[in-house]
Every structure is written in C-alpha cells, then in structure tokens.
Amino acid sequence: MSLTTNEKDADIFLLPFNEADAMQRDLCGWTEVPPNEITPQRNVFINLSVNPTYNNKVNVLVHELGHAIGLGHSDGSPRVTDIQIQDTPLLDRSSVMVNDVCNRSQVGFSYYDKIAINKLWGFCGQIRITGSDEVCAFGELFTYSINRDVANWSVSNNFIIVRESNNTLTVRTAYNAAGNPPTATLTATLLDGTLFSRTVNLSVGPVADPNTFFMAGRDQLSWYQTGNYSFSPTRITSYSNVSWDVYSDVNVSANVHFNIQEQGNLSAIEVLPTAPPGRYTIKVDISDDCGTYLLEKEINVKKARPQFFN
C-alpha cells in the first residue's frame, strides 16, 4: 500500500465528510464494505470537523483503510456486514479495528490485523508475480502481475509478449514441442534492477505413453454382437471429457451402424445389421481444456444371423 496524488493511480480515495449527512456527523470516519473479494472500497470519508490528536487522526485513517480492504470491527460485537476472518479472534482489543477508534492513540495494524490482511490480500511486503501456475500450451492469452513497479519484462521460449503495462504482463503461449520443455519463464526487472522470475507449466492436454496405453477389446465383431472396450485411466494424465465413436475411411456415416453405450473409460458397442462388412476404427477422444489425446483400435465387422448371439 502506497500514497499517490495521481487520481489515475489510486485504488482508494480519501474524501472529506459530508457535513449535510446528519446520521454520520458524529463519526470520525466512515467507509462502506468492499464490493467484492478482490476490489477494495474506493471511498474513505474522514470527518474534518473532529480535531483529535495527530495519533488519533492516524488511527482513524488506518481504521477506515482497514474497512476499505475488508476488515470488520474486532471488539467482540461486529456489525451485520462484518465477517470474522479465519485465524483471527472475534475480540482483539489491541486491534485498530475496534469501534471507539476516535479515542485511541495506537498507530498501525495489530498482529491479528496483519494476519487478517494476509488472509484477504496475500502477505504484505512480499514481492511476488501472481497468475496461473499452469496454462494451456497452444495460443492462449494469460496475464501476470507483480506488486512493484517494473522497468521491463522478459520471457523465455514458449511465451510471446502481447502487452505490457508497468507491473502487468499479458503473454501468448507458443509451445514448440521440438526439444523444448513444457515450461515457460517470465521475468520482471524492477526499477532498482532486481530480477523476479516465475516458471509456469504448460499443459498440452492429457498425456500417455503409447507403448503402455492402449484400448482393450475384441478385434472382430459380427452383426447383432456387442463388444466391450476400455482404456486404463491410470495410464494417462488427468482429463475431464471422454467421447467414443466409430468411423470408416470408406463410409463417412459409419457410426450410424453402431449402437454406442459409453461410460467414461468404458464403452459397449453393438454392431447393427445395417453395417457393411469390412474394417472400422473405434476411437476415443480423451480431453481437457488444453487438448485431446486420440486413442484408436481397428476392428473387422462380419455378417451374421441374429440367433447366433443371444
């Protein structure tokens, strides 16, 4: 948190009290709760007609800034809008967030005030680059930021800088699988020359070893017959979607000749008597938000009489 006189750079504004507001006239300061969990309340009102000591003024200001970033009262009787924050007590008389702030000369946040701020906003004073730990590897846009002013940004292979604005960087992934590890690094050079880097994992979608990952099931089916097919979910990295299908190089609508009952890594495929005899391919698309792993198995379909399969 830092002070600025440039309105464009400000997240929180200190404003004089509205003397016409009789309901708030006796208060030293007043602030509404933040609109959400990631945006501080923009307006902090200070009553200029109250003339406490210098320490009182600082305490009032710190108290109202605490409200602006989400801290409630800490004197054991919070307002309806106050929410107790994890690992902090309901009653903390050493806190700057007690109700009778106008008459106190303590300056600064208490031990538990700082814990509460850390819970809401991350550890104060810690320089860190924030953003996704893992991103999709192909052509996606992602934004990172650091809580300090930046002289310039740089990136390694697999990242392309799209846009940079002081402490914010937007990159596009450009993963080249040929010899490149599935990671990328971005580096912020601060105004004093200090470097801060972050390595990001690039996801190419589900990955499996083709030597050990295969589709289990019969190589041959006949009309009216159902074959059970499956793959081992433990031999592929995490995925979110599975889709089964049957196709043929010579029949673009081959799947209409099969009844496919799928359930995750398992599928029961029945051959209908309309299927022309010949070669077909069973395929399963195993995917997540970043890509798809394609697994296939060829089968041979033969004619048969219905009584052969009960």
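About the cut-offs
Residues numbered from 1 in each chain as written. Predicted model: local features only at pLDDT ≥ 70, side-chain atom pairs only at ≥ 80, totals over all residues. Heavy atoms only, no water. Salt bridge = Lys/Arg side-chain N within 4 Å of Asp/Glu carboxyl O. Helix = DSSP H or I, 4+ residues; strand = E, 2+ residues; numbered from the N terminus. Pairing = 2+ DSSP bridges. Axes fitted to C-alpha atoms, helices over the stretch in contact; angles between N-to-C directions. Contact = heavy atoms within 4.5 Å. Buried < 20%, exposed > 50% of the residue type's maximum accessible area, 1.4 Å probe, protein only. Disulfide = S-S within 2.5 Å.

J.: Please clarify how the pattern of salt bridges should be interpreted in this entry.
T.: Between side chains of opposite charge, a pair can form when the charged atoms approach closely. In this structure the tally under the stated criterion is 4 salt bridges. For Asp133, the salt bridge identified is with Arg198, shortest N-O distance 2.2 Å. Placement of Asp133 in the loop between strand S4 (129-130) and strand S5 (134-136) and of Arg198 in strand S11 (residues 195-203) is noted, with a sequence separation of 65 residues between them.

J.: Just to check I follow, could you spell out the sheet that holds strand S1 (residues 13-16) for this structure?
T.: By way of backbone hydrogen bonds, the strands of a sheet pair with one another, either parallel or antiparallel. Taking strand neighbours across the sheet as the criterion, the 3 strands line up as S1-S3-S2 in an open arrangement whose pairing is mixed. Two strands bound the open sheet, and with one partner strand each, they are S1 and strand S2 (29-31). Ignoring strand direction, the axes of neighbouring strands in this sheet form an average angle of 25°. Summarising the sheet, S1 and strand S3 (residues 43-46) pair through 4 bridges and their orientation is parallel. Note that in S3 the partner of Pro16 across the bridge is Ile46. Running at roughly 155° to S3, helix H1 (residues 54-68) makes contact with S1, S2 and S3 of the sheet.

J.: I would appreciate a short explanation of the environment of Tyr239 in the present structure.
T.: Mapping Tyr239 onto the fold places it in the loop between strand S13 (226-230) and strand S14 (241-247). The class for Tyr239 is partly exposed, based on a relative accessible area of 28%. Counting along the chain gives 48 residues from Tyr239 to Ser287, while the straight-line C-alpha distance between them is 5.4 Å. With sequence-adjacent residues up to four places away left out, Tyr239 is seen in contact with Pro206, Phe231, Pro233, Asn265, Ile286, Ser287 and Asp288.

J.: I tried to follow the sheet that holds strand S7 (residues 150-155) on my own but got confused; where do I start?
T.: As summarised here, the arrangement of the 4 strands in space is S5-S11-S10-S7, forming an open sheet in which the pairing is mixed. Across the chains shown, the open sheet's two edge strands, defined by having one partner strand only, are S5 and S7. Neighbour-to-neighbour, the strand axes of the sheet open up by a mean angle of 30°, direction not taken into account. In terms of strand pairing, strand S10 (residues 183-190) meets S11 through 7 bridges, oriented antiparallel. Pairing of Thr187 across the sheet is with Ser197, part of S11.

J.: Where do I start with the state of the cysteines in this structure?
T.: By definition, a disulfide is the covalent link that joins the sulfur atoms of two cysteine residues. A complete count under the given rule lists 1 disulfide for this structure. The disulfide bridge from Cys136 ends at Cys290, spanning 2.0 Å between sulfur atoms. Judged by the sign of its S-S torsion, about -75°, the cystine formed by Cys136 and Cys290 is left-handed. One end of the pair, Cys136, is in strand S5; the other, Cys290, is in the loop between strand S17 (278-288) and strand S18 (291-302), with 154 residues separating them in the sequence. For the pair formed by Cys136 and Cys290, the shared burial category is buried.

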